[in-house]
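Observations on chain architecture
Here is what each chain is made of, one letter per residue.
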Amino acid sequence: MTADDSFGRLEDDNYPAYTMGRAAEMLGTTQGFLRAIGEARLITPLRSAGGHRRYSRYQLRIAARARELVDRGTPIEAACRIIILEDQLEEAQRINAEYCRTASRHTADT
C-alpha cells in the first residue's frame, strides 16, 4: 500500500477508521449507546480482523443524529426509526426527482 492509498482512505466517508472507544469519545457518548443503535440496526459497524467494531465518518454522523434526538428526550428505538424513515424519504425523493427529469426529457423528445 502506498502513502497515496492511505490518504485516499482518510478522505473516504465509508472507511471504517474509528474504534468503538474513539467513536464514543468523539460523539461524547458511551460505547453502550453505540451498541444500542447497532442492535436497532441503525448502523452496522464493520469488524476488524480481531472482531472489534470499526466505524466510518458516515456512521458517526448518523450516530450523532441519533444522539441529538435521544438528548431531546426521544427513546432510542424511536430515534433510530425516525432516522431510518428520514433516510428512506430522502432516497424516495431522489428517485422521484430522477424519474421527473427522465420523463421531462422523454416528453421533450416526442
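Our subject is the structure that appears above.
So, how was this worked out
- Numbering of residues starts from 1 in every chain and runs along the sequence as written.
- Given that the model is predicted, a residue must reach a pLDDT of at least 70 before its local features are reported, and side-chain atom pairs must reach 80 or more before they are shown or counted; all residues, however, enter totals for whole chains, interfaces and linings.
- Hydrogen atoms and water are omitted, and side-chain values are computed over all heavy atoms in the structure.
- Counting from the N terminus, the helices are DSSP H or I runs at least four residues long and the strands are E runs at least two residues long.
- A helix's residues, less one, multiplied by 1.5 Å, set its expected span.
- Between buried and exposed lies partly exposed: a residue is buried under 20% and exposed over 50% of the maximum accessible area for its type, with that area taken using a 1.4 Å probe on protein chains only.
- Residues are treated as being in contact if the distance between any of their heavy atoms lies within 4.5 Å.
- In this analysis an axis means a line fitted to C-alpha atoms, helices contributing only their contacting stretch, and an angle means the value between N-to-C directions, from 0 to 180 degrees.
- Geometric relationships in this document are graded by angle, where less than 35 degrees denotes roughly parallel, more than 145 denotes roughly antiparallel, 65 to 115 denotes roughly perpendicular, and other angles denote oblique.
- Definitions for this section: a left-handed crossing has its near helix turned counterclockwise from the far helix by less than a right angle. A right-handed crossing has that turn clockwise.
- We call Asp, Glu, Lys and Arg charged. Ala, Val, Leu, Ile, Met, Phe, Trp, Tyr, Cys and Pro are nonpolar, and the rest, Gly among them, are polar.

Think of an α-helix as turning once every 3.6 residues; residues three or four places apart then point the same way. With 34 residues, helix α5 (residues 76-109) should cover 50 Å at 1.5 Å per step; its first-to-last C-alpha distance of 50 Å lies within 8% of that length. Residues of α5 that are buried: A79, C80 and I83. Buried positions along α5 lie against α3 (31-39) and α4 (57-71).

Along the chain, Q59 turns up in helix α4. For Q59, a relative accessible area of 12% translates into the label buried. Ignoring anything within four residues of it in the chain, the contact list for Q59 reads I43, T44, P45 and R54.

So, about the packing of α4 against α5. At a closest axis distance of 9 Å, the pairing of α4 and α5 adopts a crossing angle of 130°. Judged on the interaxial angle alone, α5 and α4 are oblique. Relative to α5, the crossing made by α4 is right-handed. Residues Y58, I62, R65, A66, L69 and V70 of α4 form the contact with α5, whose own contacting residues are I76, A79, I82, I83, E86 and D87. Looking at the contact of α4 with α5 residue by residue, the class counts come to nine nonpolar, no polar and three charged.

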